[in-house]
Every structure is written in structure tokens, then in C-alpha cells.
Amino acid sequence: IEGENSACILSVYDDHDNGTLWTGTDGAGLFMTKNGEKPVNFNKSNSALSSNTICTFAKDAHGTLWMGTYSDGLYCYNEGAGIRKYRNNSDIGSENIKILCYDKHRDKLYVGTSGAGLYIIDCKTQAVEKCIVSDDNKWVSALYLADNGLLWIGTYNGPMCYDPETGRIAKYDVTPGGAS
């Protein structure tokens with residue numbers, strides 16, 4: 001993959017459904033490699049993207065590939081429709097999307113931001129359903145959906161656990177001798 005900052009890979013998504021490998025870079029946009037063919041580059045000069053920094057990917061059950069960017073919010077990709085900006089970006093408190101995680105059992109997209117907490121999108125309606133933000137979880141750096149349905153949230157203030165069934169969020173102290 002050639003191009004400005006194309007060697008600085010921030011995210012990779014292997015779409016097994018259609019043999020496509022998506023690669024997000026820090027400055028060179030997005031690369032799509034289908035069935036091992038030559039990569040196609042999408043960036044702000046040749047697509048709907050307004051940011052060339054693609055931080056994260058997640059694909060929902062409706063075939064939408066979600067892309068989080070640094071400095072320009074969420075984008076969506078669908079076969080036939082191509083890349084488009086998420087229509088409800090203004091409902092998310094930050095344009096810096098750090099991490100995405102899809103919950104196939106609830107059909108929800110969890111959106112971790114830099115500075116504005118965690119957002120939950122209903123993938124069927126593509127509407128922002130909820131925002132979870134406090135001083136402890138403004139800066140989300142990692143998301144992991146456990147088999148039991150709990151969402152683990154890595155923040156700059158330590159790990160947290162969100163229960164989508166109850167809406168409860170708990171902070172965990174992982175320091176030696178700390179209480180959880």
C-alpha cells in the first residue's frame with residue numbers, strides 16, 4: 001500500500017462475508033482490498049470522507065460497515081451506496097471516534113469517543129439511542145463485548161463495565177490492592 005502515511009495502520013477489518021479487507025490509516029484514508037486484488041484507496045480527495053484518519057471499524061447485521069474517524073465523526077459504507085457520512089453525527093458529542101463495537105444480539109453499535117464518553121446507536125434505525133458520559137469515562141480507548149453480554153470499557157481512568165440490560169455502569173480498580 002503506497003501513499004502518505006499509508007504505513008501507519010490504525011485499524012483493520014476482515015469482512016469474511018465478501019472477501020474484503022479494510023485498512024484504516026493515519027493520514028492516507030481508507031484502503032479496500034477485495035479478494036486479494038490491488039487495493040483501492042478512498043480519501044478526502046476522491047470520496048465522501050472528510051478525514052484521512054480512520055481509527056476503527058465495525059460491521060452490523062444490516063451490511064453496514066461503520067468507520068470511526070479522527071476529527072470528522074462516523075461514516076458508513078454499504079455495497080452500492082458507497083461511503084457516506086453518518087446522518088446523525090451531530091448527536092455524538094465528539095468528532096473523534098476512537099473505537100467501535102457491534103452487539104449482534106441487541107443490534108447496537110457502541111461508539112467510544114475521545115472526550116465525550118460512550119454512545120449507543122440502534123443499527124436498525126441508525127439513531128443515537130443513548131449517551132453514557134461521566135468524568136470517569138469521557139475518554140474511551142477500548143471496547144470489548146463479553147459472551148455474557150456485558151460491555152467492558154477501557155478508559156483513561158481505568159476499566160469500566162456496562163450492563164446493557166440494566167443500564168448500570170461500574171468502575172473497576174485494577175491497581176494492586178485496589179478494590180473493585
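Before reading on, note that the structure itself is shown above.
Here's a quick rundown of the structure. (Residues numbered from 1 in each chain as written. Predicted model: local features only at pLDDT ≥ 70, side-chain atom pairs only at ≥ 80, totals over all residues. Heavy atoms only, no water.)

Here's the deal with the sheet that holds strand β12 (residues 127–132)
Taken in spatial order, the four strands of this open sheet run β9-β10-β11-β12, and their pairing is antiparallel. Bordering the open sheet on either side are β9 (97–103) and β12, each of which pairs with just one other strand. Going from strand to strand, the sheet's axes swing by 25° on average, the running direction of each strand aside. Inspection of the sheet shows strand β11 (residues 118–122) paired to β12 by five bridges, in the antiparallel sense. Pairing of Ile121 across the sheet is with Val128, part of β12. (Pairing = 2+ DSSP bridges. Helix = DSSP H or I, 4+ residues; strand = E, 2+ residues; numbered from the N terminus. Axes fitted to C-alpha atoms, helices over the stretch in contact; angles between N-to-C directions.)

Observations concerning the sheet that holds strand β6 (residues 65–69)
Strand pairing within a sheet occurs via backbone hydrogen bonds; the two strands may be parallel or antiparallel. Here we have four strands laid out as an open sheet, ordered β5-β6-β7-β8, and antiparallel in their pairing. Bordering the open sheet on either side are β5 (54–59) and β8 (82–85), each of which pairs with just one other strand. For this sheet, the mean inter-axis angle between neighbouring strands, taken without regard to orientation, is 25°. Two strands pair when backbone bridges link them, and β6 and strand β7 (residues 74–78) are joined in this way by four bridges, in the antiparallel orientation. What sits directly across from Trp66, in β7, is Cys76.

Section: the side chain of Ser94
The residue Ser94 is located in the loop between β8 and β9 in this model. Separated by 3.3 Å, the side chain of Ser94 and the backbone oxygen of Ser114 make a polar contact. Apart from residues no more than four positions distant in its own chain, Ser94 is found in contact with Thr113, Ser114 and Ala116. (Polar contact = N/O pair within 3.5 Å; in protein donor to acceptor, adjacent residues only side chain to side chain. Contact = heavy atoms within 4.5 Å.)

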